[in-house]
Amino acid sequence: MQSKELVAQFIADIQAQRFDEAKTLLATEGFEYVGPNMRFLNRDDMLSYQFGMAAIQKDLIVRQLSADGDHVFAILDYQTHFQPIGDVRLAVWFRVRDDKIQTVEAFYNAAVVENMLGGNLPSANPL
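Computed from a predicted structure; not experimentally measured. (Residues numbered from 1 in each chain as written. Predicted model: local features only at pLDDT ≥ 70, side-chain atom pairs only at ≥ 80, totals over all residues. Heavy atoms only, no water.)

Colleague: How should the pairing of strand β5 (residues 87-97) be read in this particular structure?
Modeller: In regular strands, side chains alternate between the two faces of the sheet. Only one face of β5 is covered, namely the one carrying Val88, Leu90, Val92, Phe94 and Val96; the face carrying Asp87, Arg89, Ala91, Trp93, Arg95 and Arg97 has none of its residues buried. Pairing between strand β4 (residues 71-80) and β5: nine bridges, direction antiparallel. The partner of Ala74 across the bridge, within β5, is Val92. Alignment of β5 against strand β6 (residues 100-107), held across seven bridges, turns out to be antiparallel. By the bridge assignment, Val96 is partnered in β6 with Ile101. (Buried < 20%, exposed > 50% of the residue type's maximum accessible area, 1.4 Å probe, protein only. Helix = DSSP H or I, 4+ residues; strand = E, 2+ residues; numbered from the N terminus. Pairing = 2+ DSSP bridges.)

In structure tokens, the structure reads:
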């Protein structure tokens, strides 16, 4: 599977809340997620956070998906049922290695998420 197709499948699995399927597309060793206000050093921690957000997710819309080799870039609209934050626009940089997503770097308005979580942000758990 090409890197762009792999990332498209991952986004589709998250959108459909198929977290077990999404997990299979992430690297087991050396995985890293970095966002403006949180960091996860393994796929289980990141997916646990995603699972926790599932209750407010209305939709995840792909506005643009492009690739440059093993670097895949996505522009997403994260639509929520949570009125105080509404929709969140995301830019996400995925890096793929050995047919698995190795790193995910997300860019979004961190204040929106901090306000929603009341300042209680998850922290990275070392392996």
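Colleague: Would you explain the environment of Gln64 in this entry?
Modeller: Secondary-structure assignment places Gln64 in strand β3 (residues 57-68). Of the residues examined, Gln64 reaches a relative accessible area of 43% and is grouped as partly exposed. Sequence-wise, Gln64 and Ala74 are ten residues apart; in three dimensions their C-alpha atoms are separated by 5.6 Å. Excluding its chain neighbours within four sequence positions, the residues that come into contact with Gln64 are Phe73, Ala74 and Ile75. (Contact = heavy atoms within 4.5 Å.)

Colleague: Even after reading the chapter, I still don't get helix α1 (residues 3-15), so can you show me in this structure?
Modeller: For the α-helix, the turn length of 3.6 residues means that residues three or four positions removed from each other point alike. In this model α1 runs 18 Å from its N-terminal to its C-terminal C-alpha over 13 residues, within 8% of the 18 Å that 1.5 Å per residue would give. Those residues of α1 that fall on the buried side of the exposure criterion are Ser3, Leu6, Val7, Phe10, Ile11, Asp13 and Ile14. Taken end-on, α1 shows its buried residues confined to a sector of 160°, consistent with a single buried face. On its buried side, α1 packs onto α2 (19-23), α3 (43-53), β3, β4, β5 and β6. One or two residues past the end of α1 sits Gln17, with phi positive at roughly 60°. (Expected span 1.5 Å × (residues − 1). Arc of directions from axis to C-beta.)

Colleague: How do you make sense of the pattern of salt bridges when you look at a structure like this?
Modeller: Any two side chains of opposite charge can pair, so long as their charged atoms come close to each other. In this structure the tally under the stated criterion is six salt bridges. Taking the shortest distance from any N to any O, the salt bridge between Lys23 and Asp44 comes out at 2.6 Å. Residue Lys23 is found in helix α2, and its partner Asp44 is found in helix α3; the two are separated by 21 residues along the sequence. Note on Lys23: relative accessible area 26%, which makes it partly exposed. By relative accessible area, which is 37% here, Asp44 ends up partly exposed. Among the charged side chains, a salt-bridge network with shared partners connects Arg63, Asp77 and Arg89. (Salt bridge = Lys/Arg side-chain N within 4 Å of Asp/Glu carboxyl O.)

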